[in-house]
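Per-entry structural report
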Amino acid sequence: MGKCVAYGRDETVEKDIVILAIESSCDETSAALVRNGRDVLSNIISSQISVHKKFGGVVPEVASRKHIENISDVIDTALSEAGLKLDDIQGVAVTYGPGLVGALLIGLTTAKALAFARKLPLIGVNHIEGHIYANFIQHKDLEPPFVCLVASGGHSHIVNVVDYGKYEIMGMTRDDAAGEAFDKIARALGLGYPGGPQIDKLAREGNADAIDFPRAYLEEGSFDFSFSGLKSAVLNYLNSLSMKGIKPNIPDVAASFQQAVVDVLSDKLIAAAEAKNSPYAVLAGGVAANSKLREELSAKGAKKGIKVLYPDPILCTDNAAMIGSAGYYKLIRGEVSEMNLNAVPNLTL
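Here goes a summary of the coordinates provided. Since we're looking at a predicted model, the values are computed, not measured.

Analysis parameters
- Residues numbered from 1 in each chain as written.
- Predicted model: local features only at pLDDT ≥ 70, side-chain atom pairs only at ≥ 80, totals over all residues.
- Heavy atoms only, no water.
- Phe/Tyr/Trp six-rings, centres within 6.5 Å; stacked < 30°, edge-to-face > 60°.
- Helix = DSSP H or I, 4+ residues; strand = E, 2+ residues; numbered from the N terminus.
- Buried < 20%, exposed > 50% of the residue type's maximum accessible area, 1.4 Å probe, protein only.
- Lys NZ or Arg CZ within 6 Å of the ring centre and 35° of its normal.
- Core = buried A, V, L, I, M, F, W, Y, C linked by side-chain atoms within 4.5 Å.
- Salt bridge = Lys/Arg side-chain N within 4 Å of Asp/Glu carboxyl O.
- Expected span 1.5 Å × (residues − 1).
- Contact = heavy atoms within 4.5 Å.
- Polar contact = N/O pair within 3.5 Å; in protein donor to acceptor, adjacent residues only side chain to side chain.
- Pairing = 2+ DSSP bridges.
- Right-handed = clockwise from strand over helix to strand, strands pointing away.

The next point concerns the packing of aromatic side chains. Applying the stated criterion across every chain yields a total of eleven aromatic pairs. Ring geometry for Tyr133 against Tyr164: centres 6.5 Å apart, planes inclined by 50 degrees, an arrangement best described as tilted. With Tyr133 in helix 4 (residues 127-138) and Tyr164 in the loop between strand 9 (156-163) and strand 10 (166-172), this pair connects stretches of sequence that are 31 residues apart. Taking 5.9 Å as the distance between ring centres and 50 degrees as the angle between the ring planes, the aromatic pair formed by Tyr133 and Tyr329 counts as tilted. Of this pair, Tyr133 sits in helix 4 while Tyr329 sits in helix 11 (residues 320-332), and the two are 196 residues apart along the sequence. Taken as a pair, Tyr133 and Tyr329 share a single burial class, namely buried. One aromatic cluster is present, formed by Tyr133, Phe136, Phe146, Tyr164, Tyr328 and Tyr329 through successive ring pairs. Over the ring of Phe225 we find Lys268; its NZ or CZ atom is 6.0 Å from the centre of that ring.

The subject of this paragraph is the nonpolar core. One finds Phe227, Phe257 and Leu265 to be the most contacted residues of the largest nonpolar core, which totals 44 residues. Looking at this core, the elements with two or more residues in it are strand 8 (146-151), helix 5 (178-188), helix 6 (195-203), helix 7 (228-243), helix 8 (250-275), strand 11 (280-284) and helix 9 (291-304). The biggest single contributor to this core is helix 8, with 13 residues. Ranked by size, the runner-up nonpolar core spans 34 residues in total, among them Ala21, Ile132, Cys148 and Ile332.

This paragraph deals with the pattern of salt bridges. Inspection of the entire model under this criterion finds 19 salt bridges. Across the pair Arg118 and Asp87 runs a salt bridge whose closest N-O atoms are separated by 2.1 Å. Note that Arg118 is positioned in helix 3 (residues 101-118) and Asp87 in the loop between helix 2 (60-82) and strand 6 (91-97), a separation of 31 residues in sequence. The class of Asp87 is exposed, set by a relative accessible area of 61%. Put simply, Glu296 and Lys292 hold a salt bridge, and the shortest N to O gap is 3.6 Å. Separated by four residues within a single helix, Glu296 and Lys292 lie in helix 9, roughly one turn from each other. Relative accessible area serves as the criterion here: at 16%, Glu296 is assigned to the buried category. Beyond isolated ion pairs, a larger network of salt bridges with shared partners links Asp267, Lys292, Glu295, Glu296 and Lys300.

A word on helix 9. For helix 9, with 14 residues, the first-to-last C-alpha span of 20 Å sits near the 20 Å given by 1.5 Å per residue. Contact partners of the buried residues in helix 9: helix 8, strand 11, strand 12 (307-309) and helix 10 (313-316). Structurally, the start of helix 9 carries an N-cap: the backbone nitrogen of Lys292 is 3.0 Å from a side-chain oxygen of Asn290. Just downstream of helix 9, Gly305 is the residue with a positive phi angle, here 75 degrees.

Moving on: the pairing of strand 7 (residues 122-126). Across the five residues of strand 7, five count as buried, placing the element largely inside the fold. Burial along strand 7 is two-sided: the face carrying Leu122, Gly124 and Asn126 and the face carrying Ile123 and Val125 are both buried. The pairing of strand 6 with strand 7 spans five bridges and is parallel. The residue of strand 7 that forms the bridge with Gly97 is Asn126. As for the winding sense of the linkage, the β-α-β connection from strand 6 through helix 3 to strand 7 is right-handed.

Let's shift gears to helix 8. Under the 1.5 Å per step criterion, the end-to-end length of helix 8 is 38 Å for 26 residues, consistent within 8% with the ideal 38 Å. Between the side-chain oxygen of the N-cap and the backbone nitrogen of Asp252 there are 3.1 Å, and the N-cap of helix 8 in question is Asn249. Once helix 8 ends, the next one or two residues include Asn277, with phi positive near 55 degrees.

Given below as C-alpha cells:
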C-alpha cells in the first residue's frame, strides 16, 4: 500500500503518505494520523456526550464551543500518540459536510490554517463517504465494488461503491434516518441520550415479538427507507397505554421497535447486494454498532452466500481515522480542495 501515485502526478512514489485528519461534524472532536489510507497511527476522539446528555440531544451552539476548546489539544495528542510531527505529514483531510454548520467550521478552519501554514494539500471529505471508508481500515483486503449501508443519526443510505470515489446511491431515507428514530424512541422511553446504545442494551431483556410494530418496505423493488411511521406507531402505543393508566413493558417496547428497524435495514441491504451481485454487504455509521443488526445481517448474508462486513464500534462512531482514509484516496487521485472550501451542512454523496 506504500507505493502510490501522489498528488495526481504520473510518477509512482516509493514512500508512505501520512494524512492528518480532522472530524468535527457533530459532537465529537477527533483527529487522526492515517498512513496509506488503511494504517491508523492514532485516532483521538473527544466526545461531548456528557455535555449534551442533560439536554436530551446535541445543542449546536454548545457543540461548536466545545470543538473550539478541544481541537488543538486533540490534534496535539494525535500527533504525540503517532510519534509524528507536522513535518511528517503529506496532507490535511477534513470533514466539510454534512453536519452542523458551526461545528463543521471549527474543524475546517483549523485544517485550512494547518494546510496553509505548512504548504500542504487540503482535502475536503464528505462525512458519509468517510463512514464507508472505515471498512477499508478494518478490512485491509477489502476493495470495491461492494454494496454498503450507511446508517447513522442523520443518514440511512444504501450505496453501491463502484470504485474509490465512485458511488451509486441505491436508496436513502425519505424522512427519519434510522439513528434519528432510535434517539427519538429512546427519549420517549426515558432512556436518555444517545438512544441507540441504550435501546440495544435494554432490548436484550425484552421480547422482540411482543408488539407488532409496522415495517415500511415501500413500493416493490425500492431500496429507500421510511421510519417516521414506525416512530409514530411506537409513540401512539405508549400514549394509548398511558391514557389507560397502564405502564408499558419498556424492554419489550425497545426490543420490538429495534426488531422492526433491523428487519427493514437488513432485508434491504441483502436485497441490494443481490441486485448488484456483490460478494459483500458492508455496514457503516453509528447504527452499524447495533448488535442485533450485525447478528441479523450475518445470518441473512450466510443464507445468500454474501459476506457481511462491519467496522469495530469505535470506527462506527464519528471519528477522524475514517476521514483520513477517504482523504488519502482523494489525494492520490489528485482531488485536493481550494482554500475557499466552505462548510456544506446538507452535503450529499
